[in-house]
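# Fold and geometry: a report
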Amino acid sequence: MHPQPPAHLHPLLWDLFCRVVDNFGDIGVCWRLAADLAGRGHSVRLWVDDASALLWMAPGALQGQWPGVQVLPWQASHSSTAFATRPQADVWVEAFGCEIAPEFIASYAYSARASGQFGTSFPVWINLEYLSAENYVARCHSLPSPVMQGPAKGYTKHFYYPGFTPATGGLLREPDLAQRRDAFDHPGQRAAWLAQQGIDWQGECLVSLFCYEPTALPGLLLRLATDTEPTQVLVASGRATAAVQAAVDSLNGLQPTWNMRKALSISYLPTITQREFDHLLWACDLNFVRGEDSVVRAIWAGKPFVWQIYPQDDAVHLEKLDAFLDMLQASPTLRQYHRLWNSDAAWTGDPSLSPLTHLKQWAETVCETRARLWQLDDLSTQLCALVQKNR
């Protein structure tokens, strides 16, 4: 079980606002935060415009079966009765630039002014930003942003930046994560979990694949198929499955004998919960991950990984990737493969770049990074401290 909030911080009611842009990364981070806060004794109302991913990400969430978390439709926050018929929150969190409905803010502000409590009881207002290892994060973290207009004029938001240094807001990490990870390492747990997922594992090297559509994907499959040791790739549902199937079709068309020895086997996974996704990363020898939430979980897994960052216009994402690799203190081979995996360049399967060749070195890098980051307070702990400071 998660510990209760510290004695000086009473359980709080949080309003967490989330708009799903695409790929479920936003809702993934927001749900993990909501569940973690609830596990620490707080209550969370998660306002979201598309909660469909929670059906598989957190079964039971939409039915109110997660103690401490209530999932509410985004549109309901536009209702003038959204505030009037519910207890007032202690904290508002706008995730990733989404904006709280003006009606919601106005309803609270007018009520607070009418009772003479506008300056003393307004919720602590947090703007939760995206994760980055870039230098600006430390400069901007926790900076105040005065509200200059509207019904909340005169109040202040605070920017909150997750990050990888003591000057940032930390990373999501549940208090029991280390114990769960250690329990999974017990003899037989890996094989038992794989069997539960219907995966016929015969001791092959296991590679998880959670990606968009990397141009280097056919080259990776070709390389694994020609390796001397057998490999089984466990492919996440959705875009990763579609990308692998397209890559296999192209290889079969261009080179029908590319997997003649059957050194490579591929298993397509169904949608899995966030907890089972952790287990997947722990079970595999190499993890290909994408987006914000999964790269953090890959670090905590302590296994070699390759991150596909979300592509942005003008290749801005490559600067973010370089900053991340600097934080990771990545070796030349790890840097080179990350750049290949995140580029538009095709890969012919050059054996010198085979990830399996560098697993030991990459694992050491990840474990050193994990140990360093584990010394920092996690995101929920730091977020609660910021709220306490501004209450």
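## So, the environment of Arg290
Structurally, the position occupied by Arg290 is in strand β11 (residues 286-290). Residues Arg290 and Phe210, spaced 80 residues apart in sequence, show a C-alpha to C-alpha distance of 6.1 Å. From its side chain, Arg290 meets the backbone oxygen of Cys211 in a polar contact 2.8 Å long.

## Things to note about the state of the cysteines
For the structure shown, the criterion picks out 0 disulfides. Between Cys205, a cysteine without a disulfide, and Cys284, which holds the nearest cysteine sulfur, the sulfur-to-sulfur distance is 8.5 Å. Judged by relative accessible area, which is 17%, Cys205 ranks as buried. Here Cys284 falls in the buried class, since its relative accessible area comes to 0%.

## Things to note about the nonpolar core
Among the nonpolar cores identified, the biggest contains 71 residues, and Leu217, Leu221, Phe288, Phe305, Phe324, Tyr337 and Trp341 are the most heavily contacted of them. Those residues in contact with Phe288, other than ones at most four positions away along the chain, are Val207, Ser208, Leu209, Phe210, Leu220, Val306, Tyr337, Trp341 and Pro355.

## Describing the sheet that holds strand β4 (residues 91-95)
Spatially, the 7 strands line up as an open sheet ordered β3-β2-β1-β4-β5-β7-β6, and their pairing is mixed. On the outer flanks of this sheet lie β3 (69-73) and β6 (144-146), each paired with one strand and no other. Strand-to-strand twist of the sheet, defined as the mean angle between neighbouring strand axes without regard to direction, takes the value 25°. The pairing of strand β1 (residues 13-18) with β4 spans 4 bridges and is classified as parallel. Each bridged residue has a counterpart across the sheet, and for Asp15 the counterpart in β4 is Trp92. Along the sheet, helix α16 (residues 379-390) contacts β1, β4, β5 (124-128) and β7 (156-160); its crossing angle with β7, the most-contacted strand, is approximately 160°.

## Details of helix α9 (residues 217-225)
With 8 of 9 residues buried, α9 lies mostly within the body of the structure. Looking only at α9, the buried set comprises Leu217, Gly219, Leu220, Leu221, Leu222, Arg223, Leu224 and Ala225. Where α9 is buried, its residues contact β8 (205-209), β9 (231-235), α10 (239-254), β10 (264-268), β11 and α14 (332-341).

## What about the packing of aromatic side chains?
We describe a pair of aromatic rings using the distance from one ring centre to the other and the angle between the two ring planes. Summed over all chains, the structure comprises 29 aromatic pairs. Geometrically, the ring pair formed by Trp31 and Trp66 is edge-to-face, given 5.1 Å between the ring centres and 90° between the ring planes. Of the two residues, Trp31 is situated in helix α1 (residues 25-39) and Trp66 in the loop between α2 (54-57) and β3; the sequence distance between them amounts to 35 residues. Since its relative accessible area comes to 33%, Trp66 is described here as partly exposed. Aromatic side chains Phe288 and Trp341 sit 4.7 Å apart centroid to centroid with 50° between the ring planes, which places their arrangement in the tilted category. On the criterion of sequence distance, the pair formed by Phe288 in strand β11 and Trp341 in helix α14 is long-range, its members being 53 residues apart. Taken together, the ring pairs in this structure connect Phe17, Trp47, Trp74, Trp92, Phe104, Tyr108, Phe122, Trp125 and Tyr155 into an aromatic cluster. The ring centre of Trp374 lies 4.8 Å from the NZ or CZ of Arg173, which sits over that ring.

## Some words on the confidence of the model for the protein
Mean pLDDT for the protein: 92, with 94% of residues reaching 70 or above. Residue range residues 1-8 is modelled with pLDDT below 50. Its contacts to residues more than four positions away, or to other chains, number 16 contacts.

## Remarks on unusual backbone geometry
Its identity is not glycine, yet Ser142 carries a phi of approximately 70°, on the positive side. Mapped onto the secondary structure, Ser142 falls in the loop between α6 (136-140) and β6. Looking at Ser142, the relative accessible area reads 30%, which means it is partly exposed. Phi at Lys262 takes a positive value of approximately 60°, unusual for a residue other than glycine. Here Lys262 shows up in the loop between α10 and β10. The exposure class of Lys262 is exposed, given its relative accessible area of 64%.

## Re the pattern of salt bridges
Side chains carrying opposite charge are able to pair once their charged atoms draw close together. Scanning the entire structure with this criterion turns up 17 salt bridges. Linking Asp36 and Arg40 is a salt bridge whose minimum nitrogen-to-oxygen distance equals 3.1 Å. Side by side, Asp36 and Arg40 carry an identical accessibility label, which is buried. In this structure, the salt-bridge partner of Arg339 is Asp322, at a minimum N-O distance of 3.3 Å.

## Notes on the sheet that holds β11
Across the sheet, which stays open at both edges, the 5 strands sit in the order β10-β9-β8-β11-β12 with parallel pairing between neighbours. Where the open sheet ends on each side, the last strands, each with one partner, are β10 and β12 (305-308). Sheet twist, expressed as the mean angle between neighbouring strand axes with direction ignored, is 15°. Along the sheet, α10 makes contact with β8, β9, β10 and β11, crossing β10 at roughly 145°.

## As for the pairing of β12
In β12, alternate side chains face the same way, and those of Phe305 and Trp307 on one face and Val306 and Gln308 on the other are all buried. In this region the chain leaves β11, passes through helix α12 (residues 291-301) and returns to the parallel neighbour β12; the handedness of that crossover is right-handed.

Criteria and cut-off values
- Residues numbered from 1 in each chain as written.
- Predicted model: local features only at pLDDT ≥ 70, side-chain atom pairs only at ≥ 80, totals over all residues.
- Heavy atoms only, no water.
- Helix = DSSP H or I, 4+ residues; strand = E, 2+ residues; numbered from the N terminus.
- Polar contact = N/O pair within 3.5 Å; in protein donor to acceptor, adjacent residues only side chain to side chain.
- Disulfide = S-S within 2.5 Å.
- Buried < 20%, exposed > 50% of the residue type's maximum accessible area, 1.4 Å probe, protein only.
- Core = buried A, V, L, I, M, F, W, Y, C linked by side-chain atoms within 4.5 Å.
- Contact = heavy atoms within 4.5 Å.
- Pairing = 2+ DSSP bridges.
- Axes fitted to C-alpha atoms, helices over the stretch in contact; angles between N-to-C directions.
- Phe/Tyr/Trp six-rings, centres within 6.5 Å; stacked < 30°, edge-to-face > 60°.
- Lys NZ or Arg CZ within 6 Å of the ring centre and 35° of its normal.
- pLDDT = per-residue confidence, 0-100.
- Salt bridge = Lys/Arg side-chain N within 4 Å of Asp/Glu carboxyl O.
- Right-handed = clockwise from strand over helix to strand, strands pointing away.

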